[in-house]
Structures are given as structure tokens and as C-alpha cells.
There are 2 protein chains.
Amino acid sequence: MLHAVILAGGGGTRLWPLSTAARPKQYLPLTGQKSILEMTVERASSFVPLDRIWIVTTQEQMPLVEALGTGVPSENILREPMGRNTAPCIGLASVRLRERDQDATMLVLPADHLIRDVDAFQSCVNTAVEHTEAEGGLVTFGITPSRPETGYGYIHAAAEPGPSGAYTVVAFKEKPDAATALQFVKSGDYFWNSGMFVWKAATILDMFASCLPTHHSILSTIGAVGDGDARFAELYGSMEAISIDYGILEHADNVAMVRGDFDWSDVGGFEELQRISEKDEEGNHVEGHVLLEGVTDSYVKSSDPRPVAVIGLEGVTVVVNEDGILISRTTESQKAKLASQWSNENAGKK
Amino acid sequence: MLHAVILAGGGGTRLWPLSTAARPKQYLPLTGQKSILEMTVERASSFVPLDRIWIVTTQEQMPLVEALGTGVPSENILREPMGRNTAPCIGLASVRLRERDQDATMLVLPADHLIRDVDAFQSCVNTAVEHTEAEGGLVTFGITPSRPETGYGYIHAAAEPGPSGAYTVVAFKEKPDAATALQFVKSGDYFWNSGMFVWKAATILDMFASCLPTHHSILSTIGAVGDGDARFAELYGSMEAISIDYGILEHADNVAMVRGDFDWSDVGGFEELQRISEKDEEGNHVEGHVLLEGVTDSYVKSSDPRPVAVIGLEGVTVVVNEDGILISRTTESQKAKLASQWSNENAGKK
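None of these values were measured; they are calculated from a predicted model.

This brings us to the overall build of chain A. The number of helices and strands found in chain A is 11 helices and 17 strands. Compactness check: chain A gives a C-alpha radius of gyration of 21 Å against a globular reference of 20 Å for 350 residues, within 12% of the reference. The dimensions of chain A, computed from C-alpha atoms along their principal axes, are 60 × 50 × 35 Å. Taking all 350 residues of chain A together, 48% fall into the buried category. Put simply, 64% of the contacts in chain A that link residues at least 6 apart link residues at least 24 apart.

Okay, here's the thing in C-alpha cells:
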């Protein structure tokens, strides 16, 4: 049966001070009333019942997940004792899923993605599930690029789909430079690597055995050990931190890609947030007690009771909240990460 | 004898949120440890004893003046019941000075000017005093312009000084456009109208009689009425609000100009504040718990305990304090005035 596994342990710092180590972006209502983790659960629950939706998060973030009240049963919330990137996390979920459902098929979804067209998304999931039923192997989701984005990895897919509707993956490509990204988009055979996957739990565990044998061996032991067991943290921590892409997908020859033509965003920074947020005629997104005067194409969000005035600027991001104040040219706002680090280092000096 | 009369009743809003209606700029330590009113008192006290230094302020600002502890005797602190621009204010001071010293000479100094070279300034004051002793009339201070500033009025002076060293004033000029300002600076005969003056109290009162007879008549009555008298506020308020420039100087034919070649600033806005503030190699002035990344030629001042990060911007002004947050392109920061108004209007809605 199909299970949705939502990976919610990330700790994005590129949206500082909206997101912080104590409040990662998946718990924030970035574009509306609900957090993007809740929206991800809702999206999955439109075609998977709640008792087959799983959330994997870190011990630290457990209270944040519980506070949301997503409706996901508590026995489906898995805790990583510490972050170890996606391979150990997906390995843990695979082991636990198989304990419950020997023939489980997993839809792996990062918690921090926004997808508006749920029907188109569900149709892709169906194609992926049918592909794994018919041909086995691993399925990844490639998003048709809407611009030559240099912030994402790309998937080079075969020109034509196979009988299942999925495409053979020719190669995975690292984040490209601008010229390469433009070539990719023009060619029509390159897709954004979304980090969403479909496979059977048994299949991915077999792939761990062949590509990451040490991880596989530890995961086998973890299978016999409850989350509450004292050895659990030690075992989990002994797995090398590695992504599922580097650890398995890039070495596998059984990877297919389902093509997604829907709006998709990983809300990876303020440029992306500005792109997907509601804007007025001047291209400004404004929240809070804010005065704009001669400002265009800007994202200004304040939760502060004090007045915030922004004057004579274009393409800037301004965020004021209880954790800090960010004022950035939006095209350079990836450096908010530095501010997040600096802020943590100086936390004691306030 | 020479008395210094410091006009401290202004309520600048162009430095919002540094300055506010409740905390005008003359009470702020804009460029160091001391407020600019204190620095103005100190500058005057280097050649006028404290008991001949006077401060004219509004009823509202009285506690701010008292809190500074300038050393100016309390009987020398005159209160305007309300702001009525400079003519009534100078008129009031003239009346009170003459009560104390029939032959008083007044050096009129706005409280919010910065002058670094006290010796050069004092030498100009000496020239002005000698001119009034020898020839009577009114003396204004013209500052040799260091740039084609469009934010100041100009004084067109005769090409050569008279025997006293002072120049005959040909005309007063309103704030010019950029092309005219450039012509003014090139000509060498145009000077910034600083708003500093020297004259005898008796002379300026005679000028009130001829140029502003209604004011003169009210001032005569005020002369017989103490500050504590119930009629004082009513009388003062009945004078039309008008500047000494418009009301008297521009109609007078006995105005001379002393030329000032010293650094002078009225700290009229953030462009000026940035110009006169200490800056690092990147041209940034930075105060507070602030991270700059790829920022140049900017003024960033925070008194907030939260971290403030500014990224990828040039020529911006950022001020964070308990009254508000300003983020402005520095060349457009005169619009902080709008923010100040908006902030006051919305004060109840916080």
C-alpha cells in the first residue's frame, strides 16, 4: 500500500530571521495561514489516509510537530536522535514502514515544498506508483523548469517516456552556472531535481545494501531496536551523514523520472519567497505596520509593533521579527545564512 | 555686552526615528557623546560667560533642556508657550535681554548646528560684533559652500568686504535647483545662509517696529508681562508665525554678511549626518549589534538588542530604535519626514 513519508527534520537558515534553528521554515506559515508542513500533510492526505502518513523529524523538532496537530497518528511520527541528512532518515522510515506493511510503497516528500496544483501532483504520484508496480526500481520527480534557475540540481531525462509514462534518468546534474542552466532549460530534457521520490520500502533497502552497506547493516540492527531503546541514538548517530541522492540515486541504474508540470517551490530563500508571495501593483509583498515610499519589487514583513518605514529602494527584502532584523538586496539574500550563523554566535552577547 | 541666544525650540522630523516630536535632534548626541545643544552651549561658552548665554525653547521641550544640565542659569532659559517660528522667538529674547542689559549685543545661534573649528567661528563672531559696534545694522553669517547643495538658502554677497571685514548683502536666495546651485558655487559670491546672526537687541527691536509692527507692539506688551503671567501665552500665541529671514532680513537694507570658512552643518537629514559621521574603509558608519555584508557608503545605527543584518546594499540609511525602524536610500531620506508623520498618525493603532 502507498504510504507518504514526510521529511521534516531540516533546519533552513536561508530565511533568517523568519526561520531559525529553533523554528525551521517547515513550521512557518510562509504564504498563508498554515505552515508548509501542515500543507504538505494536507496534500498527501488527499490521496493517502492519515494512518499511512508518516513524519520523520528530529528529537529537537518533535514539540514543533506536535504543536501543529496535523492529525498524523503519534506512532507514525519518527524521531531522528540527530540530523544525519536524508539517507539515514529515509533508511529509518523504510525499516519502520516495512515492520508495519511488508509490501509498503513509499512516497517521500520533503516537508518544506509548496505545490499548488494537487491534482497534477497526485497524477504524477499515480504514474510513479504504477511504474514501481510494473517495473520496480526508484522513481524521482523532475519538475519542468520555468526559468534557468541556478539554485537547483537538474535531472537529465531520456527524450521520450517509457510505457509507464516515466522517463529513464540519463544523469543527475549539480547546480549549474547561469549559461549551463539556460542550455538545460532550452534543451527540454532537463528537469529540476525536486527531492521527491516513490519506491517500495523493500527496494530502497536493497539499494542501501548495495550502495551503502554499512548504513544497511546499522539499519538492520535498528529494525530490532525500538526508538525508546538507549542504543537507538548511538546506532543512528553511527551512520554517516549523506544524502539519498549522493548515497544511492546517483549510483543506481534503475532510476526513472516522473515529469511534473505543476508549480513547485522549495521556498529555498527570499528570492523564491518573494516570487511565490502575493504582491501589489508595485510588486511589493507587505505585511505588518509598514510604510513604503517609492519602493518596488520588495518583500517587507514585520511582526513588530513599532512603525517600519522603507523609502526609495527596489528589490529588497526586509524582515523584522522577535529574532532579528534582515535588510537585504533580495538577489543577495542567500547570505541571510551568514546572518543566522552570526546571530547564533553572538546570542550570548546581546 | 555680548550675549549668546541659542534657539532650541525646533522639532526636526527629517531624522526620524532618531529625532521625534518628543525628542528633537538638538537633544541627541548625533556625532559623539554630547547632544548638539550641549555642544552649541560649549562653543558659545568659550567666549561668552554662561550667565550671558540664553536658551529659548518651547514649554514642551523645557524638561529636555533641564535634563541636559548645560550650566546655563535657569533665569536665562526662556520658554515659548508654543512654536511660532524664529521671528517671535528672537523678538522675545531681544525684549528679555534688554531688560537685563540695555546695550546688549545678541549672537543668535540655532541649537542644532555643528561647527568643529571653534577658533574660526569665534573670529567670525568678533568681526560681526565689531561691525555692529562700528556700523550698526544686522549681521548674518554666510558659509563658504563646499558643494552645490540644494538644501540650503544662499546669500549673494558683494564681491569685496567693507572696512569691518563684513560684506554687503546683495540678495537672499531661496533653495536653488542643482544647476543654479552649481552656478552659485562657481561664482564665489554666494554663501550658505546659516541662520546665525549678530545684532544689538535695540537694533532688531527697531527692525521689528518697521518690518513687523504688529509683532513689535505685542512684544512691547510682553516686555511688561512675566513668563508666568496668564496673559503671556495668549500674547505670544497672537503673534504670526514667521521666520526672521522672511519677516525682517529680506526687507532690511542694513544687512551685512560675515564670511565663515569653517566646517558647518545643520544636520538637516541623514545625507548630512552620513557626511559628517565617522566611517570605516567601506564608507559605512556603524553603531550597534549590526552585521554588514557587502554594504558600502551606508549609515547603520541600531540601539536594539536584536541582531540587525544588512546585506548587499549601498548608500542606505538604517536606523533602529525604540520609536521605529527606518530603511531608506540615503539620497531619498528626506522622506523620513513622511514616516514621522505617518508614525504619529498611527501611534494609537499600534
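Okay, back to it.
Now for the sheet that holds strand β12 (residues 285–287) of chain A. Remark on secondary structure: sheet strands pair via backbone hydrogen bonds, oriented parallel or antiparallel. If you trace the six strands from one edge of the open sheet to the other, you get β12(A)-β14(A)-β16(A)-β17(A)-β15(B)-β13(B), paired in mixed fashion. Strands at the two margins of the open sheet, each flanked by one partner only, are β12 of chain A together with β13 (290–293) of chain B. Sheet twist, expressed as the mean angle between neighbouring strand axes with direction ignored, is 5°. Taken together, the four bridges between β13(B) and strand β15 (residues 308–311) of chain B define a ladder with parallel strand orientation. If you follow Glu293(B) over to β15(B), its bridge partner there is Ile311(B). Relative to strand β17 (residues 324–329) of chain A, helix α11 (residues 336–345) of chain A is tilted by about 155°, and along the sheet it contacts β17 of chain A together with β13 and β15 of chain B.

Accessible area lost when the parts come together is the quantity often used to give the size of an interface. On the chain A side, the residues contacting the 31 residues of chain B number 31 residues. Contributing elements (two or more residues each) for the side of chain B that touches chain A: β13, β15, β16 (316–321), β17 (324–329) and α11 (336–345) of chain B. At six residues, β17(B) tops the list of elements feeding residues into the side of chain B that touches chain A. Of the residues contributing to the side of chain B that touches chain A, the split by class is 17 nonpolar, seven polar and seven charged. Judged from the four bridges that link them, β17(A) and β15(B) form a sheet pairing that is parallel. The residue of β15(B) that forms the bridge with Ile327(A) is Val310(B).

Attention now moves to helix α4 (residues 118–135) of chain B. The end-to-end C-alpha separation of α4(B) is 25 Å, in line with the 26 Å expected for 18 residues at 1.5 Å each. All of the buried residues in α4(B) are Phe121(B), Cys124(B), Val125(B), Thr127(B), Ala128(B), Val129(B), His131(B) and Thr132(B).

Glycine aside, residues mostly have negative phi, and peptide bonds are mostly found in the trans state. Residues and elements named next belong to chain A. Looking along the chain, the bond that leaves Trp16 and enters Pro17 is cis, with omega of 5°. Relative to the helices and strands, Pro17 resides in the loop between β1 (2–7) and α1 (36–45). With a phi angle near 70°, Asn85 is a residue other than glycine that sits in the positive phi range. Tracing the backbone through its elements, the reader meets Asn85 in the loop between β3 (77–80) and α3 (86–100). Judged by the 19 C-beta atoms lying within 10 Å of it, Asn85 is partly exposed. Phi angles above zero are rare outside glycine, and Val267 is one such case at about 45°.

This brings us to the relation of the copies chain B and chain A. Superposition of chain B onto chain A requires a rotation of 180° combined with a translation of 0.0 Å along the rotation axis, giving an RMSD of 0.0 Å. Such a combination of rotation and displacement between the chain copies is what one expects of a two-fold axis. Closest to the rotation axis within chain B is the C-alpha of Ile327(B), separated from it by 4.0 Å. Both copies share a contact surface, since 100% of the interface residues of chain B are interface residues in chain A too.

Along the polypeptide, Glu135(A) turns up in helix α4 (residues 118–135). For the pair formed by Glu135(A) and Ala256(A), sequence separation is 121 residues and the distance between their alpha carbons is 9.8 Å.

So, about the domain arrangement of chain A. Residue and element names in this part refer to chain A. Entries for chain A in the domain assignment read domain 1 (2–265) and domain 2 (270–349). On a C-alpha basis, the centres of domain 1 and domain 2 stand 30 Å from each other. Residues that form the side of domain 1 that touches domain 2 fall into these classes: seven nonpolar, four polar and one charged.

A word on the nonpolar core. One finds Val5(A), Ile6(A), Val310(A), Val5(B), Ile6(B) and Val310(B) to be the most contacted residues of the largest nonpolar core, which totals 206 residues. Setting aside chain neighbours within four positions, we find Ile6(A) in contact with Thr40(A), Val41(A), Ala44(A), Ile53(A), Trp54(A), Ile55(A), Leu109(A) and Ala111(A).

This paragraph deals with the pairing of β1(A). Residues and elements named next belong to chain A. Most of β1 is tucked away: five of the six residues are buried. With six bridges joining them, β1 and strand β4 (residues 105–110) adopt parallel strand pairing. Its bridge partner lying in β4, Leu2 is registered against Thr105. Here four bridges tie β1 to strand β2 (residues 53–58), and the two strands are oriented parallel to one another. What sits directly across from Val5, in β2, is Trp54.

Turning to the packing of helix α7 (residues 213–223) of chain A against helix α8 (residues 230–237) of chain A, a few remarks are in order. All names here are of chain A. Where α7 contacts α8, the axes come no closer than 10 Å and their chain directions differ by 165°. Relative to α8, α7 is oriented roughly antiparallel. Here α7 runs over α8; the crossing is left-handed. In this structure, α7 uses Ile218, Thr221 and Ile222 to contact α8, whose residues at the interface are Phe232, Leu235 and Tyr236. Considering only residue class, the contact of α7 with α8 consists of five nonpolar, one polar and no charged.

Residue and element names in this part refer to chain A. Sheet analysis places β2 next to β3, joined by four bridges and oriented parallel. Bridge pairing links Ile55 to Ile77 in β3. For the crossover that starts at β2, traverses helix α2 (residues 62–68) and ends in the parallel β3, the hand is right-handed.

Along α11(B), the residues classified as buried are Ala336(B), Ala339(B), Ser340(B) and Ser343(B). Take α11(B) and look down its axis: the buried residues cluster within an arc of 105°, on one side only. Here the buried face of α11(B) lies against β13 (290–293) and β15 (308–311) of chain A together with α10 (270–276) and β17 of chain B.

Here the focus is the sheet that holds strand β12 (residues 285–287) of chain B. Pairing is mixed in the open sheet, where six strands are placed in the order β13(A)-β15(A)-β17(B)-β16(B)-β14(B)-β12(B). Sheet topology places β13 of chain A together with β12 of chain B at the edges, where each strand pairs with a single neighbour. Geometrically, the sheet is characterised by an average inter-axis angle of 5° between neighbouring strands, direction not taken into account. With respect to the sheet, α11(B) is in contact with β13 and β15 of chain A together with β17 of chain B, its orientation differing from that of β17(B) by roughly 155°.

Cut-offs used in this document
Along every chain, residues carry numbers that run from 1 in the direction the sequence is written. Whichever chain is written first becomes A and whichever ligand is written first becomes 1, with later ones labelled in order. The predicted origin of the model limits local features to residues at a pLDDT of at least 70 and limits the giving and counting of side-chain atom pairs to 80 or more, whereas totals for whole chains, interfaces and linings rest on all residues. For helices the rule is a DSSP run of H or I covering at least 4 residues; for strands it is a run of E covering at least 2, with both sets numbered from the N terminus onward. Based on C-alpha atoms, the radius of gyration is set beside the globule rule, defined as 2.2 Å times the residue count to the power 0.38. Comment: burial labels come from other C-beta atoms within 10 Å of the residue's own C-beta, placed from the backbone, where a count of 20 or more is buried, 12 or fewer is exposed, and between is partly exposed. Contacts are defined on C-beta atoms placed from the backbone: any two residues whose C-beta positions lie within 7 Å are in contact. DSSP bridges decide pairing: two strands pair if at least two such bridges lie between them. Comment: axis = line fitted to C-alpha atoms, over the contacting stretch for helices; angle = value between 0 and 180 degrees taken between N-to-C directions. Ten residues, namely Ala, Val, Leu, Ile, Met, Phe, Trp, Tyr, Cys and Pro, are considered nonpolar, four, namely Asp, Glu, Lys and Arg, are considered charged, and the remaining ones, Gly among them, are considered polar. For a helix, the expected span equals 1.5 Å multiplied by the residue count minus one. In this comparison the copies share one frame, found by least squares on the C-alpha atoms of residues holding pLDDT of at least 70 in both. Domain start and stop points were drawn from an automatic or database domain assignment. We define the nonpolar core as any set of buried residues of the types Ala, Val, Leu, Ile, Met, Phe, Trp, Tyr and Cys, connected via C-beta atoms lying within 7 Å of each other. Any angle that falls under 35 degrees is termed roughly parallel, while one over 145 is termed roughly antiparallel, one within 65 to 115 roughly perpendicular, and all others oblique. By convention the crossing between two helices is left-handed if the near helix lies anticlockwise of the far one by an angle smaller than a right angle, and right-handed if it lies clockwise. The path from the first strand over the helix to the second decides the hand: if it runs clockwise while the strands point away from the viewer, the crossover is right-handed. To obtain the arc, one takes the directions from the helix axis to the C-beta atoms.

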